[in-house]
Amino acid sequence: MTALAAQRWNFWGGVLTVVTIVCAVLWAFPLYWAVVSSIKPEHEVVRPYIELWPETLTFEHYIHAITATQIGTWYINSIAVGVGVTVICVFTSMLSGYAISQLRFPGRTALWWLILASFMVPGQALIINHFVLVADLGLINTWAGIMLPQLIHPVLIIVYKQFFDQVPRDFREAAVMDNASEFTILFKVYLPMNWGVTTALSIVCFIWTWNAFLWPFLSVTRTEMMTVTVGITQVNDAFGIYYARELSAAVLAGLPVALAYLLFQRKVTEAITLSAGIKG
Amino acid sequence: EETVLWWDFLGGGDGVRMKQMISDFNAAHAGTIKIDATTLEWGTPFYTKVQTSAAVGEAPDVMTYHASRIPLALTQGVLDEITADDWSAMGLSQTDFAEATWDAVTSDGKQYAVPLDTHPIVLYYNRDLLKKAGVLGDDGKPTGLGSGEEFTAMLQALKDAGVQFPLGSVTASGDFMFRTIYSFMCQQGGELMTGDEFLAGDNADKLTNTLELLQQWTNDGLQSKYTDYPATVALFTSGEAAMMINGVWEVPTMTDLAGQGKLFDWGAVELPVVFDKPCTYADSHSFAIPKNRGKEMSAEKRAAVLEVISWMEKNSQFWATAGHIPAYGPVTESAEYKAMEPNATYSTLTANMIFDPKSPLAGIAGPIFDVMSTYYVPTLNGEMDPAEAVEGIKEELNAL
Amino acid sequence: MADISLSRVWKRFGSVEVIRDVSLDVGSGELVVFLGPSGSGKTTLLRMIAGLESIDEGALTIDGVRCETLHPGKRNVAMVFQNYALYPHMTVAENMAFGLRNVGVPSSVIRERIDEAARMLEMEALLQRKPAQLSGGQRQRVAIGRAIVKEPKAFLFDEPLSNLDAALRARTRVELAELHQRLKSTMIYVTHDQVEAMTLADRIVILNDCRIEQIGSPMEVYSRPASRFVAGFVGSPAMNFLPVTISAAGDLPQARLADGALIRLQGTPPSGEGFELGVRPEALSIVADGGHTTGVATVVERLGERTLVHVRLADGTNVTAQDAGLSTVEPGSEVRLAFDTAALHLFGPDGAAWHSR
Amino acid sequence: MADISLSRVWKRFGSVEVIRDVSLDVGSGELVVFLGPSGSGKTTLLRMIAGLESIDEGALTIDGVRCETLHPGKRNVAMVFQNYALYPHMTVAENMAFGLRNVGVPSSVIRERIDEAARMLEMEALLQRKPAQLSGGQRQRVAIGRAIVKEPKAFLFDEPLSNLDAALRARTRVELAELHQRLKSTMIYVTHDQVEAMTLADRIVILNDCRIEQIGSPMEVYSRPASRFVAGFVGSPAMNFLPVTISAAGDLPQARLADGALIRLQGTPPSGEGFELGVRPEALSIVADGGHTTGVATVVERLGERTLVHVRLADGTNVTAQDAGLSTVEPGSEVRLAFDTAALHLFGPDGAAWHSR
Amino acid sequence: MLKDRRRDILVALMMIAPFLAIYLLVFVYPTIQMFRVSFTDAPLIGDGEWVGLANYARLDNDPLFRRAVWNTFYFVALTVVPGTLIALAIALGVARLTGRLQAIVLAFFFLPYILPVSVVYLIWDWTLNFQFGIAMHVLDWLGIDRVPVTKSARWFMPAIAWVTIWWTAGFSILLFLAGLRTIPVEIYEAAALDSANRWTVFRRITWPLLSPVTALVLTIQLILQLKIFDQVYLFSQGGRPNDNMVLVYYIFQRAFQQNQGGRAAAVAVTLFVLVVVVSVLKFQLLRYAERRRQ
Ligand SMILES: Nc1ncnc2c1ncn2[C@@H]1O[C@H](COP(=O)(O)OP(=O)(O)OP(=O)(O)O)[C@@H](O)[C@H]1O
Ligand SMILES: Nc1ncnc2c1ncn2[C@@H]1O[C@H](COP(=O)(O)OP(=O)(O)OP(=O)(O)O)[C@@H](O)[C@H]1O
Ligand SMILES: [Mg+2]
Ligand SMILES: [Mg+2]
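Predicted model only: the values in this text are computed from it and were never measured.

Enquirer: Tell me about the overall build of chain A, residues and numbers included.
Expert: The secondary structure content of chain A amounts to 16 helices and zero strands. Taken over C-alpha atoms, the radius of gyration comes to 24 Å for chain A, far larger than the 19 Å a tight globule of 280 residues would show. For chain A, the spread of C-alpha atoms along the principal axes amounts to about 75 × 65 × 30 Å. For chain A, the residues scored as buried account for 62% of the 280 residues in total.

Enquirer: Give me the domain arrangement of chain A: which residues, what numbers.
Expert: Much of the literature gives interface size as the accessible area that the parts lose upon coming together. Residues and elements named next belong to chain A. Looking at the assigned domains, one finds that chain A contains domain 1 (3-38) and domain 2 (65-277). Using C-alpha coordinates to define each centre, domain 1 is positioned 33 Å away from domain 2. On the domain 2 side, the residues contacting the four residues of domain 1 number four residues. Both sides of the domain 1 and domain 2 interface together cover about 300 Å² of buried area, and 82% of this is carbon and sulfur. Among the residues domain 1 hides against domain 2, the three largest losses belong to Ala34, Ser37 and Ser38. Together they make up 86% of the total. Counting the contacts that link domain 1 with domain 2 gives zero salt bridges. Linking domain 1 to domain 2 there are zero residue pairs in polar contact (both at pLDDT 80 or more).

Enquirer: Tell me what's going on with the state of the cysteines, and back it up with residues and numbers.
Expert: Residues and elements named next belong to chain B. Overall, the coordinates contain one disulfide over all chains when judged by the stated rule. With a sulfur-sulfur separation of 1.8 Å, cysteine 186 is cross-linked through a disulfide to cysteine 279. Negative torsions about the S-S bond denote left-handed disulfides, and the value of about 85° found for cysteine 186 with cysteine 279 makes this one right-handed. Of this pair, cysteine 186 sits in helix H8 (residues 174-187) while cysteine 279 sits in the loop between strand E13 (266-269) and strand E14 (280-283), and the two are 93 residues apart along the sequence. As far as the burial class goes, cysteine 186 and cysteine 279 line up, both buried.

Enquirer: Tell me about the UniProt feature "transmembrane region" (unreviewed entry) in chain A, residues and numbers included.
Expert: Sequence positions flagged by UniProt for "transmembrane region" (unreviewed entry) are, in local numbering, residues 12-35, 74-98, 110-133, 139-160, 195-218 and 247-264 of chain A. Along residues 12-35 of chain A the backbone is 100% helical and 0% strand, and the end-to-end C-alpha distance reaches 35 Å.

Enquirer: Give a description of the interface of chain B and chain E that names residues and reports values.
Expert: Chain B puts 29 residues into the contact, and the matching count from chain E is 27 residues. Across the chain B to chain E interface the summed buried area is about 2200 Å²; carbon plus sulfur atoms make up 53%. Per-residue buried area on chain B facing chain E is highest for Tyr226(B), Asp370(B) and Thr374(B); these three make up 23% of the total on that side. Linking chain B to chain E there are one salt bridge. Where Arg67(E) meets Glu396(B), a salt bridge forms, and the shortest distance between an N and an O atom there is 3.9 Å. Taken together, the connections running from chain B to chain E amount to four residue pairs in polar contact (both at pLDDT 80 or more). Listed by contribution, the elements that provide at least two residues to the side of chain B that touches chain E are helix H2 (44-55), H8, helix H10 (229-237) and helix H17 (367-380) of chain B. Looking at the side of chain B that touches chain E residue by residue, the class counts come to eleven nonpolar, ten polar and eight charged.

Cut-offs and rules
- Residues numbered from 1 in each chain as written.
- Chains lettered and ligands numbered in written order.
- Predicted model: local features only at pLDDT ≥ 70, side-chain atom pairs only at ≥ 80, totals over all residues.
- Heavy atoms only, no water.
- Helix = DSSP H or I, 4+ residues; strand = E, 2+ residues; numbered from the N terminus.
- Rg over C-alpha atoms; globule rule 2.2 N^0.38 Å.
- Buried < 20%, exposed > 50% of the residue type's maximum accessible area, 1.4 Å probe, protein only.
- Domains from an automatic or database assignment.
- Contact = heavy atoms within 4.5 Å.
- Buried area = accessible area lost by both parts, 1.4 Å probe.
- Salt bridge = Lys/Arg side-chain N within 4 Å of Asp/Glu carboxyl O.
- Polar contact = N/O pair within 3.5 Å; in protein donor to acceptor, adjacent residues only side chain to side chain.
- Disulfide = S-S within 2.5 Å.
- UniProt positions renumbered as here; feature names shortened; annotations may be inferred.
- Nonpolar A, V, L, I, M, F, W, Y, C, P; charged D, E, K, R; others polar.

This is the structure in structure tokens:
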């Protein structure tokens, strides 16, 4: 709701603004609290009163998390899997989205309905069979195994199709009159015209993959093949007091995506709305 | 050079010591055998991982395993037998182990693991606080270890002396409290399983008694509520809890802190006798060789694995610094071991140890665990009536 | 440059007939405008020539070559789209080069042609810009440039000015006319704006309801419309239509309006009932006295150089008359109307048209 | 109905001044049009009256009541937005009722008023439809209806016709003029289309660059533009401007064009250098012989009832002249131009204007 | 457009082939397998005997399954509507702001969404820690008794629901903001001229115009929350897993902890059918509402 000039700064407007800001601060507070706790020594962490800033600032937990665990390897795994899924998923979705949107071929409508329908199907229900499949293929504990069941995001195809549908017919026809083949039209005209969509979809696809928990958790049994999300649940040594250490691992796992978000805030928000099929 | 893939679930103080032993081993076997070790999260995650990876041929070459879980492991077919040839290759035999320990890894006359230690739970205490409350004996041990009334009175005395949590208990984790409860049941001569039946006869009453006592402590504010594991340790080490019932594996935490001068004067003793007779729950860390589906282990690899186990057993003197009681007889009989503190203080309890029932439903992260855990938490924190809980437990367990 | 000929072509979308048996010859170097109301099939016809729609029946010849089944890229015609369809991610130069690259024209030739076209259209300075950095008029020019570099046999335009604002539209219209004079190439131009059609065309093809109503020069179409539809569609403000009865007083034919007024007709009109008299506002003037009939001015629109007066006649018919720019007519006042008898049209019940000159 | 008066109002967006010291009085029942190029501040000024933008400095009085700080809903004015801003989820009737409900008008009164407005605007049949089910013209009418039921002191229109197509725009323009004659209410109407302004306004306020350039009746603005800007902006095709030097031959003043032609001026013009002669196309005609100067016809636009001839003079200046509808001028031919000396304008270097009548 | 149809089809096939291959492999085939395995007593890996409907029959009086179903729906009830309302309220607040301030405030609300679930778990496990969590300090300060949030049966689901809302609200907020942006400013200006007050504007303009987005958010949330697992699994480790049982957790437990592939598949099929039924129902409901609105 865009405020009217005459209304924006009246009393209740001011109250609402302040309430919103206070809520935002409270909302984000757990994040701050986790970060602050992770740079306190363990014995300060468990003090029975609130200390908004560490008395002794220490990075020992980070050093521990980095040296004592394989978090570096986990990062590499997460990045490799994230990039792999993103590239394959975006690429195949783009091709199919284009075909469904622009080409006429038998079974097109059926395929479209199938994709729309698969939206509703819970991936979680398939974990057992995914596990069996990936095991049969001998892909347990491999990047390919982590990636495989994540390679389908029907929503990407839906978004691509909708976008290609919206490209005015004129562009396609101009290209046809310019003697361009379908692949030329897709890669030289449609794709560059929609770079925004592609980057946006790549970002969400990467975030989804980075954040995936259940499947990577199941399909990896070796520590050195874990992704960050799964790996950090392994740092929490069962015995002893290690709150700050766990939190430092959490911060390390969350940091890349958080930074990426803060850097590309507009792009990410755009990507999210796109992924829900809304144009912002 | 053979690389032996090794999994364990040992975090915390004993984890540090195990890592030390592994690097010692690697140093001693440079060029011939190398242990490639991975530490996974203790409990359900570890055993879920073991089970699924064995099913797809991705399990390690050797792993630590709780003896209590061996019956369950056998139904799932994840363990390879330790054959007589293996035993002799390792240079170990039944005579090197206590009977109860040997029994714990044996099923149908076959062994499925090599016991490394037994690890009972003990009572840790803060001498400074106890002294302040006047409940520290001249021998440096707590007074009031003889009966339930005495123990409760001691807790009350601590409370009266201004201690916020006389007893730190892991009341947020039912699976952990299982150990204490199981011990107290045993102190009444009760057992969890009679044949295939759970809580047969008056065993249910004995469980009820136990839960009532523990709940009473909670209601009287004598023990910490909804405290998870790390919090319990933190409460104790920070001096907010005067006593704590916990596994011997926390000994290194105490010794390390004390070594750094960050801890009060502490001690550890056998569990108090709150009912009829002394009895303490214990489990055994052991080494097991997974049965990898569709994957045969080469003879060389097996030899290397056996060498690893054998070396670890024979050098388990150092493992004792992790608080555990080594299973390998020659070590515990050594004079050196007998001089170790606080191990010496609680070493008497070996006579009073009780292991989990031998059932595929028992063991760390087994079905009994989940059921018990679900009922113990509300009961211990005063949410649920003990009798009602026992009713529920009995029903659910027998339905398993 | 080439001539284009359509012979008895048909087009159906499903069961809907959109082009019915249309034949048309466009001479080499001619600028032909397709004019018609929305949905009359102009765009469809143009796209059939371009190859963007298939031809269901009939023949299309471009420069003597039969083309019905040829791929659009192979027909050697260039099209300028309504919203230009410039590739937004390519610079102006790349836009122009795209079609040539796809058929493997060597880069040196491409560069030459682009430079030449840029010179001709005075857009050398724009070559490295992206379409988003251009104004509407400049985009229009780039779209034409993209067509020119292909050295096509014919240019096809689909309402190329409809996205420009009024002032720019007028200016660009003039530029387009100049360009055609310079290139002397065959052009087909689709519009539903009759001012554009009038000012640009060598010949206008008036389409209505999937058929051709009239083909002729702008002046022919304006002053001798072949049907009531054409008469009503061409010209703004629109022609006034009044039901009349034609009779002969002596041997001079005359038309009787519904309000009884009599207008003498020149020449030899048909006679009978059910006719409509067509008169353009500029042939219906406000006079101080005399005139053929009277009415009440309802709305007076002062356009500066002339004034349009909306008049309600005695029988309730509304007509638009024209007065001088500095008209003194006020809304509500009674006015006298005079018909210019040299510029009257009659439309018979059978659709036939008669013109007084 | 009410009079509206703005006195020395200013408006800034941040550091950008958008309205600079504007004063204006709109009489009761008057239809005033704000006309100006894009960005001249028309919308801003209108929204300041409506209360949708605050007034930084100066006073606004509506019907004698000071209004600068009043909430928009309290000013008793109704606004018709460019895209109508109909509530898409409410029916037409609910749209009209909304504003009345909010101020607690009883339902029976609301119903009456809606019925009356619907009758007046001939949209009884549409009352139960949603905006999405209406055509552009119908939506426009609903927007007006929503304004009418509020019985406001004044109506404010912001380019209400710009979303309609040409034909509908012309028709609706006439309807709006009729409506104003019927309601006799105060109306302020914003447009950048000078035809609309000319045909609708009682008075036109010409805005340029945040200031008022001229206020006057349409004919005043057209025939006696206060500045070169107004002269160039009003009228289509636009006025021709030619640099001239004014001198006196005997005691008759005359203007010398750049190509040396001399034009006698009537009345008493200023004299000196640096003047521009303004002449509208209709005052510049093509003559068979005689005339003031000659040039070459570049483009000939036949509009039917008249023909516009674009002529390049000897010194390269382009001018637009008007010829009869059936002009015989061909592009490229030489033509003679005659100036209507009774309709000439001079614009001095200081911006001052002089008119020959 | 005039083109060679056969070549067109070939090109189309080339374009959909990669997707189709993956789709068949990781979607269609496992789905068929899931149904097939649910009628056998197979372990996780390997084949089993055909047992007909036995696996389904056992679900009928399986208290754990019943609890899982109940908890799943309870969780859905706790998250879907409240989460949507909270997101809407936040979106309305954020939309009032402009420029950099809006970007910052939005970032505060959105940041949790991009974090992995395990991070969210660690953060909240710490925040709600019964002894040291800052939330408990706040309760102390307010003079309220501490609540063992993740350890008590009463508070577990609400707490997980809250954490889930905190985690995922950013997504819904963005959708609502996008929806709000599609409402033209003129509509609000027209409402101001129509003397509408703040509440009227919300109730009569904003809320109805946002209803399509609201429906979308609800649908997405519903389908998403039916599949709850990660949070429950992470938070109930060592706690009371059986009290907190949800459907996917149950599948996980049967398959991966108890090695009962067939019984797990039966639960998976149930979940599958449940989600499809709910989706179809929801779809029909929306269509019905849509038709009534017209
Ligand atoms: N792809 C199509 N499928 C079905 N009918 C179509 C299709 N394209 C056009 N039509 C129909 O064909 C008729 C002619 O359409 P066309 O686009 O040629 O009209 P037009 O004269 O260009 O109109 P406009 O001035 O609105 O552009 C219309 O009735 C239209 O509805
Ligand atoms: N909210 C705003 N913030 C900053 N500048 C603005 C704002 N609104 C308008 N302006 C500026 O004020 C000037 C006048 O704008 P206004 O919308 O009143 O012009 P207009 O005459 O209505 O133009 P148009 O014919 O394009 O509608 C423009 O330069 C515009 O850029
Ligand atoms: Mg068209
Ligand atoms: Mg404006």
